[in-house]
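# Fold and geometry: a report
The lines below spell out each chain.
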Amino acid sequence: MQPSRRAPARWLAVTALVLAAAGCTPESVTEQGQAIYNLYSLFLYIAAVVFVVVSGLVIWSVIRYRRRNDELPTQTHGNNRLELIWTAIPTVIVLVLFVFTIQAQNKVLDSPGEADVNVTATAFQWSWRFTYEGTGAEVVGGPETIPELVVPVGQRVRVKLVSVDVVHSFYVPQTLFKRQAIPGVTNEFDLTFERTGLFHGQCTQFCGLQHTDMVFRVRVVTQGEYQSWLAETTRRGAARQPGT
Ligand SMILES: [Cu+2]
């Protein structure tokens, strides 16, 4: 009898663990990532309701129909109404999640009109190069330097992601977004950062022995700071060019 009395406590502990783990999902710092965060939350809430209903029914059945004597309980062979209900409910849940997933995906992949900042992010073994289109500004990482992608807050940043050698992956955890850099393919996506700060980035595709060196940072600054950084970086870039 002891274990069954402990069952509710165990279920409660598991529920708390799941909710605590889900609470670790960072809030996104981009407008696009917010759509992903909302979708995660929706999945979590629906899963929590399903969990509570299913485990509640299991616990109720275990207690209500526990063995009391040697007599067999009434045997039921099929119930059309019940079968229809337990087929229809999951189907509706899946359809609802499908529609919300498509909507979130459309929001994340949407690139309306011209972007405010256009950057080509080039992945190579084993670092990153960020080239700012229409300016001479460029940031290159190396064995001793962690490259920083500097972007203005609240502006739409269009990233053209390419690779010069093998498959890499562009991942900034706090954007809740990841995209592969594939040789011969240009992957384009928009990021609109909603707050300033310094965010960690990392290649998440094993791409060779120094794969772990492929870290980078995204520095989100105000519009004014961005303009002065851009002017300074362009000037330094021009100074490095021969004949200028
Ligand atoms: Cu890589």
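Up top is the structure these notes are about.
My aim in this report is to walk through the structure given alongside it, one point at a time.

A few words on the sheet that holds strand β7 (residues 177-181). Judged by pairing direction, the sheet is mixed, and its 5 strands sit side by side in the order β4-β10-β9-β6-β7 without closing on themselves. Single-partner strands in this sheet number two, and they are β4 (148-152) and β7. Strand-to-strand twist across the sheet, computed as the mean angle between neighbouring axes with direction ignored, equals 20°. Sheet topology places β4 next to strand β10 (residues 215-221); 5 bridges connect them, and they run parallel. Its bridge partner being in β10, Pro152 is matched across the sheet by Val221.

The next subject is the coordination of the copper ion. Within the protein, the atoms that donate to the copper ion are His168 (ND1), Cys203 (SG), Cys207 (SG) and Met214 (SD), at distances of 2.1 to 2.4 Å. For the copper ion, the 4 donor atoms are set out with angles of 88 to 124° between them, so the coordination reads as tetrahedral. Written as a sequence motif, the donor arrangement for the copper ion is H-x34-C-x3-C-x6-M. Note that His168 is positioned in strand β6 (residues 168-172) and Met214 in the loop between β9 (197-203) and β10, a separation of 46 residues in sequence. By relative accessible area, His168 is classed as buried at 0%. Of the residues examined, Met214 reaches a relative accessible area of 0% and is grouped as buried.

Looking now at unusual backbone geometry. A cis amide bond links Gln125 to the next residue, Trp126, at an omega of 5°. Relative to the helices and strands, Trp126 resides in the loop between β1 (117-124) and β2 (127-132). With phi around 55°, Leu176 is a residue other than glycine that occupies positive phi space. As for its position among the elements, Leu176 is in the loop between β6 and β7.

With mixed pairing, the 5 strands of this open sheet are ordered in space as β3-β2-β1-β5-β8. The strands lining the two open edges of the sheet, one partner per strand, are β3 (138-140) and β8 (187-192). Ignoring strand direction, the axes of neighbouring strands in this sheet form an average angle of 20°. As paired elements, strand β5 (residues 156-163) and β8 share 6 bridges and run antiparallel to each other. Its bridge partner lying in β8, Leu161 is registered against Asn187.

Before going further, it helps to spend a moment on the nonpolar core. Formed by 37 residues in total, the largest nonpolar core has its most connected members in Trp128, Phe130, Tyr132, Leu149, Phe170, Phe193 and Val218. Setting aside anything within four residues of it in sequence, one finds Phe193 in contact with Val29, Thr30, Val151, Val153, Gly154, Gln155, Thr175, Phe199, Val218 and Val220.

The next point concerns helix α3 (residues 80-109). Because the α-helix completes a turn every 3.6 residues, residues three or four places apart line up on one side. For α3, which comprises 30 residues, the first-to-last C-alpha distance of 43 Å matches the rise-based estimate of 44 Å (1.5 Å per residue) to within 8%. What α3 keeps buried is the set Leu97, Ala104 and Val108. Its buried side turned inward, α3 meets α2 (31-64) and β7. Sitting at the head of α3, Asn79 places a side-chain oxygen 3.2 Å from the backbone nitrogen of Arg81.

Each value, and the rule that gives it
- Residues numbered from 1 in each chain as written.
- Predicted model: local features only at pLDDT ≥ 70, side-chain atom pairs only at ≥ 80, totals over all residues.
- Heavy atoms only, no water.
- Pairing = 2+ DSSP bridges.
- Helix = DSSP H or I, 4+ residues; strand = E, 2+ residues; numbered from the N terminus.
- Axes fitted to C-alpha atoms, helices over the stretch in contact; angles between N-to-C directions.
- Donors = N, O, S within 2.8 Å, 3.2 Å for Na, K, Ca; no water.
- Tetrahedral: all angles 85-135°; square planar, octahedral: opposite > 155°, others 65-115°.
- Buried < 20%, exposed > 50% of the residue type's maximum accessible area, 1.4 Å probe, protein only.
- Core = buried A, V, L, I, M, F, W, Y, C linked by side-chain atoms within 4.5 Å.
- Contact = heavy atoms within 4.5 Å.
- Expected span 1.5 Å × (residues − 1).
- Polar contact = N/O pair within 3.5 Å; in protein donor to acceptor, adjacent residues only side chain to side chain.

In short, the description is geometric, and any link to function would need to be established separately.
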